[in-house]
Structure formats: structure tokens, C-alpha cells
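The lines below spell out each chain.
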Amino acid sequence: MKLYKNAIAEMKVKGCNDCPHRIPKVYKGRNGGYYTLQVCSAITMKAYNHILCKPVTHHLYPCVADAINNGSYLPECPLPEAGEGDKK
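What you are looking at is a predicted structure, and each value in this text was computed from that prediction instead of being measured.

**Details of empty space enclosed by the protein**
Then step 1. Per the counting criterion, the structure on display carries one cavity of 30 Å³ or more.
Then step 2. Around the largest cavity, the lining residues are C16, C19, H21, R22, C40, A42, V64, L74, C77, P78 and L79.
Then step 3. Residue composition of the lining of the largest cavity, by class: nine nonpolar, one polar and one charged.

**Structural notes on the nonpolar core**
Then step 1. In this structure, C16, C40, I43, V64, A67 and L74 together form the largest nonpolar core, which totals six residues.
Then step 2. In this structure C16 touches R22, V64, A67, I68, S72, Y73 and L74, once residues within four positions along its chain are discounted.

**Thoughts on the pairing of strand β4 (residues 34-40)**
Then step 1. As judged from the seven bridges shared by strand β3 (residues 22-28) and β4, these two strands associate in the antiparallel manner. Bridge pairing in β4 links V26 to T36.
Then step 2. Connecting β3 to the next strand, β4, in antiparallel fashion are five residues, including G32 with a positive phi near 95°.

Cut-offs applied
Residues numbered from 1 in each chain as written. Predicted model: local features only at pLDDT ≥ 70, side-chain atom pairs only at ≥ 80, totals over all residues. Heavy atoms only, no water. 1 Å grid on protein atoms, 1.4 Å probe; cavity = no way out; pocket = protein on both sides within 12 Å on 5 of 7 lines; lining within 4 Å. Points joined across faces, edges and corners; volume = space filled by probe spheres on them. Nonpolar A, V, L, I, M, F, W, Y, C, P; charged D, E, K, R; others polar. Core = buried A, V, L, I, M, F, W, Y, C linked by side-chain atoms within 4.5 Å. Buried < 20%, exposed > 50% of the residue type's maximum accessible area, 1.4 Å probe, protein only. Contact = heavy atoms within 4.5 Å. Pairing = 2+ DSSP bridges. Helix = DSSP H or I, 4+ residues; strand = E, 2+ residues; numbered from the N terminus.

This is the structure:
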């Protein structure tokens, strides 16, 4: 289990399915339609433009679909492990 903490709440998280950092994000598809993916807002990966040879300014969020299906976390999860002595 991991521990989610902010200024208001502290709770144990069993997996990406229960994590408050999981948000829906809408993407535009190739055929002009739109689709939604569940992503982690706590992990950001900067994109790199290979044509201009520089990093771009927007952030890419990793999809958590595989982690949700497995009932686990992403390997890059920044949440700390919940200790045995934690009350919540």
C-alpha cells in the first residue's frame, strides 16, 4: 500500500484505481474523433521534439490502464510506501 497525503487528507491507496491522482484526459484521435484515457497527474514526462531537437513545453501523463487492470501501481509512482505503524 502507498500513502497519499496533502494538507487536508491522508489515506492509504491500494492501487492506481483508488488513487486521487488518477484523472481522465481527453485526446484527439487520428480520424478526427476524441477518446478518453485514465492518466496519472502526479507523474509528468516532458516530450521531446525530434524535428526541432528541443524539449516541448507541454507535459505527457502516463496511462494507468495496465496498472488498474493488474490492481497495482505504475513503476514510477511518487507516493511513499505506507508504514506498518500508520493509523489511517
